[in-house]
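# Chains, contacts and geometry: an overview
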Amino acid sequence: MNINKIGLLGAGTMGQGIAWALAAAGKEVVLYDIKEEFCVKAVAQIGKSLTRAEEKGSVAAGTMEAVVSKIKPTGNLDDLAGVDFIVECVFENMDVKKEVYTKLDNLLKPEVIIATNTSSLSLTEIAAITERADKVIGMHFFNPANVMKLVEIIPAIQTSQATIDIVTELAREIGKKPVQVKEGPGFVVNRILIPGINEAAYILYEGLASAADIDTAMKLGAGWPMGPLALADLVGVDIALAVCNTLFNETGDPKYRPAPPLRQLVRAGWLGMKSKKGFFDYNK
Ligand code: CAA
């Protein structure tokens, strides 16, 4: 199956990174969000980062233009009508997903697969919303999606083998390493990583070490490329809390209860790098 033109829903942190990864692999991307300006901003940010990378010499001259020209921003869902494949990374709320999927079902060619980047909602529940449940699958990228090599492929109970094969092949084609995971809260990476972030937040809450020292400890003592609290700021404290809540609610296991600082930061709107403040301050 030839997948050349991909519709990408959601121009937030993940949408931006995935658009970058797809366009860098030569795919045409139609980037949709409820307001076109969100998409324009995301493309401008990709352009800015790639201009810097060109200046540094870490990518070839002309890369910025080649990547950015492949991404078409839009605020009109109808512009996704002719695409070959969908990656959905809209807000992690089942009601929002329901609205979007109902519209997509009517709009897309019947053979089009919808891959969702959800990290906290049930694939089976998402697939059940649609008239094409066998063509719905999880395709979970990692932040920053243009850099991180892994893609978790998560079939819903309804997903067909043909869909799994196509998505696995697409992940390889764009230079990622796919691993297949059965549906379960947190899949593999978040099941391990989010409790680590949560534990770091508990250590902070208990006053055992400062945020900076917790991160230094895990970088220098465990070889993490960045500390767990900086990582929470990178993925979004709201996202870390949502995944932690999923682990807790789906399993009922108290070991996953979210640490108070995660809730506090979210209530304050200090969501990490995207809001310039989280466990650390990025205003400087
Ligand atoms: N967005 C885009 N590109 C970024 C970036 C960002 N936020 N951060 C770094 N990069 C790029 C840099 O531009 C650089 O590219 P070039 O080589 O072309 O210049 C490259 O990544 C390496 O960056 P640096 O040299 O500045 O720094 P580094 O070597 O320390 O790498 C890192 C940065 C890749 C983020 C690294 O610290 C890392 O791997 N951190 C852990 C990330 C991680 O665990 N992600 C998974 C989170 S969980 C998740 O996403 C799932 C979920 O559902 C919550």
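Residues numbered from 1 in each chain as written. Predicted model: local features only at pLDDT ≥ 70, side-chain atom pairs only at ≥ 80, totals over all residues. Heavy atoms only, no water.

### So, the packing of helix α8 (residues 211–222) against helix α9 (residues 228–235)
- At their nearest, the axes of α8 and α9 sit 7 Å apart, and the two run at 100° to each other. Judged by the angle between their axes, α8 and α9 are roughly perpendicular. Here α8 contributes Ala211, Ile214, Asp215 and Met218 to the contact with α9, which in turn contributes Pro228, Leu229 and Ala230.
- Of the residues assigned to the contact of α8 with α9, the class counts are six nonpolar, no polar and one charged. (Axes fitted to C-alpha atoms, helices over the stretch in contact; angles between N-to-C directions. Helix = DSSP H or I, 4+ residues; strand = E, 2+ residues; numbered from the N terminus. Parallel < 35°, antiparallel > 145°, perpendicular 65-115°, else oblique. Contact = heavy atoms within 4.5 Å. Nonpolar A, V, L, I, M, F, W, Y, C, P; charged D, E, K, R; others polar.)

### Here's the deal with the state of the cysteines
- Under the counting rule described, the total for this entry stands at zero disulfides.
- Of all cysteine sulfurs, the one in cysteine 39 lies closest to cysteine 89, which takes part in no disulfide; the gap is 10 Å.
- Of the residues examined, cysteine 89 reaches a relative accessible area of 14% and is grouped as buried. (Disulfide = S-S within 2.5 Å. Buried < 20%, exposed > 50% of the residue type's maximum accessible area, 1.4 Å probe, protein only.)

### A closer look at the site of the ligand
- Near the ligand you find 19 residues, and of these Lys56, Ser119, His140, Asn143 and Asn190 are the closest.
- Asparagine 190 places a polar side-chain atom, nitrogen or oxygen, 2.9 Å from an oxygen atom of the ligand.
- Breaking the shell around the ligand down by element, the ones donating at least two residues are α7 (189–205) and α9.
- Looking at the shell around the ligand, its residues break down into 12 nonpolar, six polar and one charged. (Near = heavy atom within 4 Å. Polar contact = N/O pair within 3.5 Å; in protein donor to acceptor, adjacent residues only side chain to side chain.)

### Concerning unusual backbone geometry
- In this structure, the amide linkage connecting asparagine 143 to the following residue, proline 144, adopts the cis form with an omega of 0°.
- On the secondary structure map, proline 144 appears in the loop between β6 (136–140) and β7 (150–155).
- Although it is not a glycine, phenylalanine 187 adopts a positive phi angle of roughly 50°.
- Secondary-structure assignment places phenylalanine 187 in the loop between β8 (177–180) and α7.
- Residue phenylalanine 187 is classed as buried on the basis of its relative accessible area of 8%.

### Thoughts on the environment of valine 243
- Summarising the element assignment, valine 243 is placed in helix α10 (residues 237–251).
- Residue valine 243 is classed as buried on the basis of its relative accessible area of 2%.
- Measuring from C-alpha to C-alpha, the distance between valine 243 and leucine 121 comes to 8.8 Å, with 122 residues separating the pair along the chain.
- Leaving out residues up to four positions away in the same chain, valine 243 has contacts with Ser119, Ser120, Asn190 and Ile194.

### Some points on the nonpolar core
- Core analysis: the biggest nonpolar cluster contains 36 residues, and Ile18, Leu31, Phe85, Met139 and Phe141 have the highest contact counts within it.
- When residues of this core are assigned to their parent elements, the largest contribution, six residues, is made by helix α1 (residues 13–24).
- When neighbours within four sequence positions are excluded, leucine 31 is seen to be in contact with Leu8, Gly10, Ala11, Cys39, Ala42, Val43, Ile71, Lys72, Pro73 and Thr74.
- Tyr32, Leu108, Leu121 and Ile154 belong to the second-largest nonpolar core, a separate cluster that totals 26 residues. (Core = buried A, V, L, I, M, F, W, Y, C linked by side-chain atoms within 4.5 Å.)

### A closer look at the packing of aromatic side chains
- The tally for this structure, following the rule as stated, stands at one aromatic pair.
- Between the aromatic rings of tyrosine 202 and tyrosine 205, the centroid separation amounts to 6.5 Å while the plane-to-plane angle is 75°, which identifies the pairing as edge-to-face. Here the residue tyrosine 202 and the residue tyrosine 205 both occupy positions in helix α7, the gap between them amounting to three residues, near one helical turn.
- Since its relative accessible area comes to 11%, tyrosine 202 is described here as buried.
- Taking NZ or CZ as reference, lysine 277 lies 4.5 Å from the ring centre of tryptophan 270, over its face. (Phe/Tyr/Trp six-rings, centres within 6.5 Å; stacked < 30°, edge-to-face > 60°. Lys NZ or Arg CZ within 6 Å of the ring centre and 35° of its normal.)

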